[in-house]
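Chain by chain, the residues:
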Amino acid sequence: MRAAVITAFDAPPSYREHPEPVAAGEHDLVVDVLAAGLHHLTRSKANGSHYSSTGALPLVPGADAVVRDAHGRLRYAALDDTPLGTFADRTVIDERRSVVLPDGIDPVRIAAAMNPAMSSWVALRRRIDFPPGRRVLILGATGNAGRMAVQIAKLLGAAHVTAAGRDPDRLAALPALGADQTVTFDQVERAADADVVIDYVWGEPSADAMIPMLTARTDRGAPLTWIQIGSLAGHTAPVPSAALRAARLQLVGSGIGSVPARHFLEELPALAAAVTRGEIDVRARAVPLAEVSRTWTAASTDERIVFVP
């Protein structure tokens, strides 16, 4: 079979022949890959920078996919740490880390949506208490996951969503997706009375936003939960000590490890159903896997790249 293979952390994968996968465990299934999204998680695992990366080479990247099993059923599968990912004609999945999808779904659409949408969906459903009527600020709302987070926050009951980002053109498109307010990073105090922050940025921009936002709160004793999900601006943030003393701020992370794998899996059917019903706007571009080397470093756009055989 053919696969995308990483042999060096500082180089894109090459499309070449690769040994056929073998089911070794009791719950393993060899499956045909129909569509696999190119996500930030996939790139960071492939270059060794993600905290869950094993550092082993060579490897076939790809953290999830829509696949077809031996019985012809379509599944969405999320892979554990493995040197054989989903950027291949076939791969091995753990049946317990997959869900059967309904007939008639668009594999490219599901593959594009599930990983980025899962970040905010699981954070709000499983990482914190999120009753209806909360006010949410999303930092990094102009990215693919951030755009979906705007919609998901509203879908899960948020009363007010503020979208924060750097690109004014992309910000301008977010009210149509449910954002009640858009701000740039130097205007975050306009969302000072948020109950929840969903942070895809981290680094200095997030740290710089904390004090102006916290000092502008109407009631500093009102709880604010800051959920760290992504780190596009840096893996570390110089959080001011005053931020933890001057307001009732709680910092939490949401991701692999802080949320049990079973909780991710339990949320997959509902999320897949929401995507299938069109409740989450998904922009995807199908690309032949043979073009993986050229596409690997493509500039970020609103469209999620999805590799297909």
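Look a little higher up for the structure.
Procedures and definitions
- Residues numbered from 1 in each chain as written.
- Predicted model: local features only at pLDDT ≥ 70, side-chain atom pairs only at ≥ 80, totals over all residues.
- Heavy atoms only, no water.
- Salt bridge = Lys/Arg side-chain N within 4 Å of Asp/Glu carboxyl O.
- Buried < 20%, exposed > 50% of the residue type's maximum accessible area, 1.4 Å probe, protein only.
- Axes fitted to C-alpha atoms, helices over the stretch in contact; angles between N-to-C directions.
- Helix = DSSP H or I, 4+ residues; strand = E, 2+ residues; numbered from the N terminus.
- Parallel < 35°, antiparallel > 145°, perpendicular 65-115°, else oblique.
- Left-handed = near helix turned anticlockwise from the far one by under 90°.
- Contact = heavy atoms within 4.5 Å.
- Nonpolar A, V, L, I, M, F, W, Y, C, P; charged D, E, K, R; others polar.
- Pairing = 2+ DSSP bridges.
- Expected span 1.5 Å × (residues − 1).
- Core = buried A, V, L, I, M, F, W, Y, C linked by side-chain atoms within 4.5 Å.
- Phe/Tyr/Trp six-rings, centres within 6.5 Å; stacked < 30°, edge-to-face > 60°.
- Lys NZ or Arg CZ within 6 Å of the ring centre and 35° of its normal.

1. Describing the pattern of salt bridges
So, step 1. Throughout the structure, instances matching the rule amount to 17 salt bridges.
So, step 2. A salt bridge links Arg75 to Asp69, with the nearest nitrogen and oxygen atoms 3.0 Å apart.
So, step 3. On the basis of relative accessible area, Asp69 is assigned to the buried category, the value being 6%.
So, step 4. In this structure, Arg126 and Glu266 form a salt bridge, with 2.8 Å as the shortest nitrogen-oxygen distance.

2. Points about the packing of helix 2 (residues 107-127) against helix 3 (residues 144-155)
So, step 1. Running from N to C, helix 2 and helix 3 cross one another at 50°; their axes reach a closest spacing of 9 Å. As judged from the angle between their axes, helix 2 and helix 3 are oblique. Handedness of the helix 2/helix 3 crossing: right-handed. In this structure, helix 2 contributes Ala112, Ala113, Pro116, Ala117, Ser119, Ser120, Trp121 and Leu124 to the contact, and helix 3 contributes Asn144, Ala145, Met148, Ala149, Ile152, Ala153 and Leu155.
So, step 2. When its residues are assigned to classes, the contact of helix 2 with helix 3 shows 12 nonpolar, 3 polar and no charged.

3. Remarks on the pairing of strand 5 (residues 74-78)
So, step 1. When you tally the buried positions in strand 5, you get 5 out of 5 residues, the bulk of the element.
So, step 2. Relative to strand 5, strand 4 (residues 64-68) is paired through 5 bridges, and the arrangement is antiparallel. Bridge pairing in strand 5 links Val66 to Tyr76.
So, step 3. In this antiparallel pair of consecutive strands, strand 4 and strand 5, the connection spans 5 residues, and Gly72 shows a positive phi of 85°.
So, step 4. Pairing of strand 5 with strand 7 (residues 98-100), which is carried by 3 bridges, proceeds in the antiparallel orientation. By the bridge assignment, Tyr76 is partnered in strand 7 with Val99.

4. Notes on the sheet that holds strand 9 (residues 160-164)
So, step 1. With parallel pairing, the 6 strands of this open sheet are ordered in space as 10-9-8-11-12-13. Single-partner strands in this sheet number two, and they are strand 10 (181-183) and strand 13 (249-253). Ignoring which end each strand starts from, the neighbouring axes of this sheet average 20° apart.
So, step 2. Summarising the sheet, strand 11 (residues 196-199) and strand 12 (residues 224-228) pair through 4 bridges and their orientation is parallel. By the bridge assignment for strand 12, Val196 is matched with Thr225.
So, step 3. Along the sheet, helix 3 makes contact with strand 8 (135-139) and strand 9, crossing strand 9 at roughly 175°.
So, step 4. Relative to strand 12, helix 5 (residues 203-215) is tilted by about 170°, and along the sheet it contacts strand 8, strand 11, strand 12 and strand 13.

5. Section: helix 7 (residues 261-276)
So, step 1. An ideal rise of 1.5 Å per residue puts 22 Å on 16 residues; helix 7 measures up with 23 Å between its terminal C-alpha atoms.
So, step 2. Taken together, the buried positions of helix 7 are His263, Phe264, Leu265, Glu267, Leu268, Leu271, Ala272, Ala274 and Val275.
So, step 3. In this structure, the buried residues of helix 7 make contact with strand 5, strand 7, helix 2 and helix 3.
So, step 4. One or two positions beyond helix 7, positive phi appears at Gly278, with a value near 80°.

6. Thoughts on unusual backbone geometry
So, step 1. One non-glycine residue, Trp202, adopts positive backbone phi at about 55°.
So, step 2. Relative to the helices and strands, Trp202 resides in the loop between strand 11 and helix 5.

7. What about the nonpolar core?
So, step 1. Tyr76, Leu101, Ile110, Leu271 and Ile280 are the most contacted members of the largest nonpolar core, which has 32 residues in total.
So, step 2. If you list the elements that add at least two residues to this core, you get strand 3 (28-37), strand 5, helix 2, helix 3, helix 7 and strand 15 (304-308).
So, step 3. The dominant element in this core, judged by the number of residues it contributes, is helix 2, at 10 residues.
So, step 4. Not counting residues within four places of it along the chain, the set of residues in contact with Ile110 comprises Val66, Tyr76, Leu101, Ile105, Ala272, Val275 and Thr276.
So, step 5. Membership of the second largest hydrophobic core comes to 27 residues, among which are Met1, Ala3, Ala65 and Val292.

8. With respect to the packing of aromatic side chains
So, step 1. One pass over the full model with this rule turns up 2 aromatic pairs.
So, step 2. Here the aromatic rings of Phe87 and Trp296 are separated by 6.4 Å at their centres, their planes lie at 85°, and the arrangement is edge-to-face. Taken together, the residues Phe87 in the loop between strand 5 and strand 6 (90-94) and Trp296 in the loop between helix 8 (292-295) and strand 15 connect sequence positions 209 residues apart.
So, step 3. For the ring pair Phe87 and Phe307, a centre distance of 5.0 Å and an interplane angle of 75° mean the geometry is edge-to-face. You can see Phe87 sitting in the loop between strand 5 and strand 6 and its partner Phe307 sitting in strand 15, a full 220 residues away along the chain. Of the two residues, Phe87 and Phe307, neither departs from the other in class, the shared state being buried.
So, step 4. Taken together, the ring pairs in this structure connect Phe87, Trp296 and Phe307 into an aromatic cluster.
So, step 5. Here the guanidinium or amino end of Arg166 rests over the ring plane of Phe185, the centre of that ring lying 4.9 Å away.

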